[in-house]
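Now for the letters of each chain:
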Amino acid sequence: MTERERRLVVVSNRLPFVLSPGPDGGLVSRPGSGGLVTALLPVLRDRGGVWVGWPGITDHTEAVDAALASATGKAGYHLAPVALTAEDQAGFYHGFSNEVLWPLFHDLQSLCNFDPVYWRSYCEVNHKYAQVILSETYKDDFVWVHDYQLLLLAAELRRAGVTSPLAFFLHIPFPPLDIYLKLPWRFTLLRALLEYDLIGFQTLRDQRNFMHCVRTLIDDVSISHRSSQIHMPDGRQVRVGSFPIGIDAAAFQRQARSPAVIAAADTLRAELPNRELILGVDRLDYTKGIPLRLEAFRVALRQFPDLQERVTLIQVVVPSRDDIPQYRDLKLRIEQLVGEINGEFTRPGGWVPIHYVYRALDRLDLVAYYRAAHIALVTPLKDGMNLVAKEFCACSVDSDGVLILSEFAGAAAQLQHGALLVNPYDLEGTAEAIHRACAMPAAERRRRMQLLRRAVNRQSVFRWVNGFLEAAIASDLDAFPLPDDYLPSAEAEHAYWDTELA
Ligand code: GDG
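Residues numbered from 1 in each chain as written. Predicted model: local features only at pLDDT ≥ 70, side-chain atom pairs only at ≥ 80, totals over all residues. Heavy atoms only, no water.

Q: Outline the overall build of the chain, listing residues and values.
A: Counting its regular elements, the chain contains 18 helices and 17 strands. Taken against the 2.2 N^0.38 rule, which gives 23 Å for 502 residues, the C-alpha radius of gyration of the chain at 23 Å falls within 12% of a compact globule. For the chain, the C-alpha atoms occupy an extent of roughly 70 × 55 × 45 Å along the three principal directions. Within the span of the chain, comprising 502 residues, buried residues form 58% of the whole. Contacts spanning at least 24 positions in sequence make up 78% of the contacts within the chain whose residues lie at least 6 apart. Carbon and sulfur atoms provide 52% of the accessible area of the chain, an area that totals close to 19,400 Å². For the chain, the distance from the average site of its 51 positive side-chain charges to the average site of its 60 negative ones is 5 Å. (Helix = DSSP H or I, 4+ residues; strand = E, 2+ residues; numbered from the N terminus. Rg over C-alpha atoms; globule rule 2.2 N^0.38 Å. Buried < 20%, exposed > 50% of the residue type's maximum accessible area, 1.4 Å probe, protein only. Contact = heavy atoms within 4.5 Å. Areas by Shrake-Rupley, 256 points an atom, 1.4 Å probe, with all protein chains shown as cover. Lys, Arg positive; Asp, Glu negative; His and termini not counted. Charge placed at Lys NZ, Arg CZ, Asp CG, Glu CD.)

Q: Give me the pattern of salt bridges: which residues, what numbers.
A: This structure, assessed with the given rule, holds 24 salt bridges. Close ionic contact of D88 with K128 constitutes a salt bridge, the shortest N to O distance being 2.6 Å. Highlighted residues: D88 in helix α3 (residues 86-105) and K128 in helix α4 (residues 116-136), separated in sequence by 40 residues. For D88, a relative accessible area of 7% puts it in the buried group. Where E444 meets R436, a salt bridge forms, and the shortest distance between an N and an O atom there is 3.3 Å. Through salt bridges with shared partners, one network takes in R158, E195, D197, D234 and R236. (Salt bridge = Lys/Arg side-chain N within 4 Å of Asp/Glu carboxyl O.)

Q: How would you sum up helix α11 (residues 290-303)? Please name residues and give values.
A: Between its first and last C-alpha atoms α11 spans 20 Å; for 14 residues at 1.5 Å apiece the expected length is 20 Å, and the two agree. Within α11, 11 of the 14 residues are buried, which leaves it mostly tucked inside the rest of the structure. Considered for burial, the residues of α11 that qualify are I290, P291, R293, L294, E295, A296, F297, R298, V299, A300 and L301. Structurally, α11 contributes buried residues whose contacts are with β12 (276-283), β13 (311-318), α12 (325-345), β14 (354-358), β15 (375-378) and α16 (427-439). (Expected span 1.5 Å × (residues − 1).)

Q: Help me get a handle on the domain arrangement of the chain, residues and values and all.
A: By the assigned domains, the chain splits into domain 1 (3-242) and domain 2 (249-458). For domain 1 and domain 2, the distance between their C-alpha centroids amounts to 31 Å. Across the domain 1/domain 2 interface, buried area totals approximately 1,400 Å², and carbon plus sulfur atoms make up 56% of it. On the domain 1 side of the interface with domain 2, the three residues burying the most area are W102, L111 and R205, jointly 34% of the side's total. In this assembly, domain 1 and domain 2 are joined by one salt bridge. D107 serves as the salt-bridge partner of K382, at 3.0 Å between the closest nitrogen and oxygen. Run the count over domain 1 and domain 2 and you get seven residue pairs in polar contact (both at pLDDT 80 or more). (Domains from an automatic or database assignment. Buried area = accessible area lost by both parts, 1.4 Å probe. Polar contact = N/O pair within 3.5 Å; in protein donor to acceptor, adjacent residues only side chain to side chain.)

Q: Now, about the nonpolar core: what can you tell me, with residues and values included?
A: Core analysis: the biggest nonpolar cluster contains 102 residues, and Y129 and F210 have the highest contact counts within it. Counting only domains with at least three residues in this core, you end up with domain 1 (3-242) and domain 2 (249-458). In this structure, Y129 is in contact with V11, S12, N13, V52, G53, W54, V82, L84, F92, L150 and L153, ignoring residues within four places of it in sequence. Ranked by size, the runner-up nonpolar core spans 79 residues in total, among them L19, Y370, L405 and A455. (Core = buried A, V, L, I, M, F, W, Y, C linked by side-chain atoms within 4.5 Å.)

Q: Quick one: what's the story with unusual backbone geometry, residue by residue and with numbers?
A: Positive phi values are uncommon outside glycine, yet D107 reaches one of about 65 degrees. When you line up the elements, D107 lands in the loop between α3 and α4. Among the residues examined, D107 registers a relative accessible area of 26% and is labelled partly exposed. Phi is positive for N274, close to 55 degrees, though the residue is something other than glycine. Structurally, the position occupied by N274 is in the loop between α10 (259-271) and β12.

Q: Explain the packing of α3 against α4 to me, using residue names and the numbers behind them.
A: A packed helix pair is summarised by two numbers, namely the angle formed by the two axes and the spacing between the axes. Direction vectors running N to C along α3 and α4 enclose 115 degrees, while the axes themselves pass 8 Å from each other. When the axes of α3 and α4 are compared, the pair comes out roughly perpendicular. Seen along the crossing, α3 lies across α4 with a hand that is left-handed. Facing α3, whose interface residues are E87, D88, A90, G91, F92, G95, F96, S97, E99, V100 and L101, α4 presents Y118, W119, S121, Y122, V125, N126, K128 and Y129. (Axes fitted to C-alpha atoms, helices over the stretch in contact; angles between N-to-C directions. Parallel < 35°, antiparallel > 145°, perpendicular 65-115°, else oblique. Left-handed = near helix turned anticlockwise from the far one by under 90°.)

Q: Go over helix α17 (residues 442-458), please, and point to the residues and values.
A: Given 3.6 residues per helical turn, the α-helix brings residues three or four places apart onto the same face. The end-to-end C-alpha distance of α17, which contains 17 residues, comes to 24 Å, matching closely the 24 Å that a straight helix rising 1.5 Å per residue would cover. Where α17 is concerned, the buried positions are E444, R445, R448, M449, L452, R453, A455 and V456. The buried residues of α17 occupy an angular sector of 160 degrees when the element is viewed end-on, so they sit on one face. (Arc of directions from axis to C-beta.)

Q: Break down the sheet that holds strand β9 (residues 222-224) for me, with residues and values.
A: Pairing in this open sheet of nine strands is mixed, and the strands run β5-β4-β1-β6-β7-β8-β11-β10-β9 from one edge to the other. In this open sheet, the two edge strands, each paired with only one partner strand, are β5 (78-81) and β9. Here the average twist between neighbouring strands, direction ignored, is 20 degrees. (Pairing = 2+ DSSP bridges.)

Q: Which residues make up the pairing of strand β16 (residues 402-406), and what are the values?
A: For a regular strand, side chains alternate in direction, first toward one face of the sheet and then toward the other. For β16, the tally of buried residues reaches five of five residues, placing the bulk of the element in the interior. Of the two faces of β16, both are covered, the one formed by V402, I404 and S406 as well as the one formed by L403 and L405. Pairing of β15 with β16 involves four bridges; the strand directions are parallel. Looking at the pairing, V378 lines up with L405 of β16. Handedness of the crossover is the feature at issue here: the chain leaves β15, passes through helix α14 (residues 387-395), returns alongside β16, and the resulting connection is right-handed. Inspection of the sheet shows β16 paired to strand β17 (residues 420-422) by three bridges, in the parallel sense. Paired with S406 across the bridge in β17 is V422. (Right-handed = clockwise from strand over helix to strand, strands pointing away.)

The following block contains the structure:
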């Protein structure tokens with residue numbers, strides 16, 4: 001391709017579009033406009049941009065190309081699909097990404113399946129993404145790669161001769177050295193990451209873990225500037241930073257105040273009158289700590305009988321990765337616990353302690369749950385950030401909600417002053433936090449929630465994009481300016497994960 005104005009090239013596992021069968025036998029596309037897409041859209045449109053990713057369908061047919069061509073027209077930026085076979089998906093995505101990197105990076109190495117076949121598939125598929133980038137981009141485009149599925153992409157691009165700046169953001173945690181060391185491909189992977197020019201993490205915790213691994217495992221580099229620059233033997237500098245992702249808080253707030261949400265939230269509260277509503281919303285994932293949360297809730301009901309008939313836990317679990325055995329087992333464990341707890345405490349008057357919802361909600365219903373809930377129980381065992389915690393705060397427009405948050409969620413770094421922090425492994429500690437939240441005086445709720453809402457508003461997803469791109473510019477002499485009208489947009493209507501990075 002010939003040279004022209006530098007564009008932004010976003011690369012993620014999935015394209016921000018969902019393709020599904022249309023009425024005429026073809027495919028129709030539904031855009032994703034969740035937080036990340038909403039925030040990147042102005043930049044992609046202004047500079048001209050490309051989004052590279054898998055379209056979500058393994059049979060790559062002309063119908064896929066046609067649906068994407070039409071989606072490109074509507075999106076205002078170019079969609080470049082990476083064609084993956086079912087075998088690729090099995091080895092690269094379900095295998096190496098979700099049975100090796102996902103559990104390992106969440107400190108759960110006993111759940112890892114270090115199958116060498118998975119690793120080979122991961123290498124091959126990263127190569128495929130690189131091929132699409134090479135054919136779809138110009139020499140000076142700025143490439144921003146997202147997440148753990150694409151750790152090797154920069155190394156693949158460098159091998160093909162790419163010299164332009166490459167940036168990477170990891171949405172999940174980076175593990176401590178002693179856990180990272182378990183990875184059979186630890187040196188190759190770390191060296192590959194060092195082919196990026198800017199590496200962004202969610203929190204300082206992750207950044208420090210990464211630097212500790214580099215310092216210990218890579219002997220021909222030197223580290224300076226308070227651990228934020230790595231000097232490579234070939235003279236290159238790799239910059240490292242933490243960029244906590246945010247949400248489009250204004251859009252959530254606006255929707256939480258809409259008549260449709262108010263009506264739906266009123267209905268929810270009316271169906272469960274005089275109850276303190278505690279909400280959990282999670283993808284079906286063992287990192288989210290759902291079984292321990294349910295156990296903590298059981299301990300709370302046993303140790304604080306005043307909570308009985310006063311609280312209802314609404315636990316929404318959104319189906320995810322159910323072709324992986326651990327996820328199927330997790331679902332059974334959750335259902336068993338819900339059954340046990342409801343069996344133990346349900347009373348003839350109609351009180352059922354846990355309302356269990358196993359499906360994806362549409363955005364309006366999700367926001368209505370956030371608005372109706374008095375308490376959010378967000379207790380992951382480890383989480384890169386956790387957007388549910390932030391969305392709950394944005395939707396608590398009357399400032400009367402209480403956030404109970406795991407200290408192992410990345411979000412705890414920003415929300416620690418307003419939230420009740422808990423160790424999710426400490427059942428009695430979490431039970432006490434539930435009791436404390438239920439008994440919390442209105443003035444304290446308000447004070448805490450106002451702190452939380454300020455933090456969530458301040459650290460929006462727009463600020464995140466801005467901060468990341470500014471850091472990228474600093475490592476690059478050619479400026480990559482943001483559009484003048486870079487502002488939060490009004491809409492973010494679709495599910496976040498199923499259209500973006502899942
Ligand atoms: C990864 C990292 C990091 C949930 N239920 C429904 C629904 N959701 C939306 C929420 C939220 C998103 O899904 C979940 O985001 P999380 O951050 O909580 O978790 P992951 O999916 O694991 O995301 C995480 C994130 O990347 C971003 O960097 O924070 O740590 O693991 O936005 O609103 N959306 C709809 N229906 C539901 O039922 N529509």
